[in-house]
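Below are the chains, spelled out letter by letter.
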Amino acid sequence: MSGNSVDFIWPGLGSYTESEQGLFFGRDDEIARLSETIEEENLCTVYGPSGAGKTSLLLAGVFPRLRKRGWLPIYLRLDHGASAPSYVRQIIAALTSAADGADLAVAELCAPLAKDCDETLWEWMHRHVFLNGCKNPVRPVLLIDQFEEIFTLGAGDERVRDCFTELGDLCTNNIPQAVVDAMADSEQGLSFPCDDRNWRMVLSLREDFLPRLEEVSPDHPVFRQNRISVNAFTREQALSAVIGPGREIVSETVASSIVDIVGRSATGRLDKVEPALLSLFCSRLDITRRQKGLERITQELLAASEKDILASFYVETMG
């Protein structure tokens, strides 16, 4: 694509990133709805089936919109290794690293209450403010992607319960017991405002792990709130996802044929199209086009490549 820094049009089974927002199409309504929810609520949980495009929606759709509105979007995928830092330390490291990358200062409003123990995420977030060059605050939005891994890779790790407590206290603005104890020990109150909501948290996970999230919700009801589902493309969305980035190499007629093929192969329907399969199908078609030295994806190329692309997909994903 002319004027684009990436060497692909569709990412296949990968995700679009924020820098590839110009190639991301088909999710305008979801971008608006999700962005508004994030701006209004402390915690938002995004869920959907594997391959629905949750990460692409957040990175290439929501992040650019939030950034334009003065937020600092931050991507994090937790490390669940036995030697990895605590989840709180990982979150704080992601926040400070993103601030440094955006040339923001992380100003400390006061010293921590207790210097001889790990600080809670609640206290750290309230003790710090992100400032731009004009000394104006910039609010972070932290996305923890692939959050279902806390139930799989983190299974049996005693730190998981602490993580939910930390996130629950932060997102409900509940003063943690450790902070209460520290105030009692030091005989002093809080030296920072504790009612500010100058941050947001987003969790993204596969919908089949929602029951696992329900298991922690009785103790932390906030995890039941503000859930937004990401589903398969409608036919109109799928056409936009093909024609939008591929307008220079694919006609509307060919795009319509692609959408029909992918819809029938994955769901047996023409009104629901799996985003991951659509992206992979288009990506493989484009690779074949380049190998053959063709300027455009034609009906003839589509007919000749359809069976091989679908067969290779099911071999890779099922076997």
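Peer 1: So what's going on with the overall build of the protein chain? Residues and values would help.
Peer 2: On a plain count of helices and strands, the protein chain comes out with 12 helices and seven strands. Projected onto its principal axes, the C-alpha positions of the protein chain cover 80 × 45 × 35 Å. Classification of the 319 residues of the protein chain by burial places 49% in the buried group. Partitioning the intrachain contacts of the protein chain with sequence separation of at least 6 by distance along the chain shows that 73% fall at a separation of at least 24. With the model as given, the accessible surface of the protein chain reaches about 15,300 Å², and the carbon-plus-sulfur share is 48%. Charged side chains of the protein chain number 32 positive and 48 negative; the gap between the two group centres comes to 6 Å.

Peer 1: Which residues make up the packing of aromatic side chains, and what are the values?
Peer 2: Any aromatic ring pair is given by two values, namely how distant the centres are and how the planes are angled relative to each other. The tally for this structure, following the rule as stated, stands at six aromatic pairs. Taking the centre distance of 5.8 Å and the plane angle of 25° together, the rings of F151 and F164 count as stacked. Here F151 is found in helix 5 (residues 149-152), whereas its partner F164 is found in helix 6 (residues 159-172), with 13 residues between them in sequence. As far as the burial class goes, F151 and F164 line up, both buried. For the pair F151 and F209, a centre-to-centre distance of 6.3 Å together with 10° between the ring planes defines the contact as stacked. Residue F151 is located in helix 5, and its partner F209 is located in the loop between strand 6 (200-206) and helix 8 (210-216); the two are separated by 58 residues in the primary sequence. For F209, a relative accessible area of 11% puts it in the buried group. Put simply, the rings of F147, F151, F164, F209 and F223 pair up and form one aromatic cluster. The ring centre of Y87 lies 5.3 Å from the NZ or CZ of R159, which sits over that ring.

Peer 1: I'd like to hear about unusual backbone geometry, residue by residue, with values.
Peer 2: In this structure, N173 is a non-glycine residue whose phi angle is positive, near 55°. In this fold, N173 is placed in the loop between helix 6 and helix 7 (177-186). Its relative accessible area of 24% is what places N173 among the partly exposed residues. For N226, which is not glycine, the phi dihedral falls at a positive 55°.

Peer 1: Explain the packing of helix 1 (residues 28-40) against helix 2 (residues 54-68) to me, and be specific about the residues and the numbers.
Peer 2: At a minimum axis distance of 9 Å, the contact between helix 1 and helix 2 shows a crossing angle of 60°. Relative to helix 2, helix 1 is oriented oblique. Taken as a pair, helix 1 and helix 2 cross one another with a handedness that is right-handed. On helix 2, the residues that touch E30, I31, A32, L34, S35, E36, I38 and E39 of helix 1 are L57, L58, G61, V62, R65 and L66. Residue composition of the contact of helix 1 with helix 2, by class: eight nonpolar, two polar and four charged.

Parameters and conventions
Residues numbered from 1 in each chain as written. Predicted model: local features only at pLDDT ≥ 70, side-chain atom pairs only at ≥ 80, totals over all residues. Heavy atoms only, no water. Helix = DSSP H or I, 4+ residues; strand = E, 2+ residues; numbered from the N terminus. Buried < 20%, exposed > 50% of the residue type's maximum accessible area, 1.4 Å probe, protein only. Contact = heavy atoms within 4.5 Å. Areas by Shrake-Rupley, 256 points an atom, 1.4 Å probe, with all protein chains shown as cover. Lys, Arg positive; Asp, Glu negative; His and termini not counted. Charge placed at Lys NZ, Arg CZ, Asp CG, Glu CD. Phe/Tyr/Trp six-rings, centres within 6.5 Å; stacked < 30°, edge-to-face > 60°. Lys NZ or Arg CZ within 6 Å of the ring centre and 35° of its normal. Axes fitted to C-alpha atoms, helices over the stretch in contact; angles between N-to-C directions. Parallel < 35°, antiparallel > 145°, perpendicular 65-115°, else oblique. Left-handed = near helix turned anticlockwise from the far one by under 90°. Nonpolar A, V, L, I, M, F, W, Y, C, P; charged D, E, K, R; others polar.

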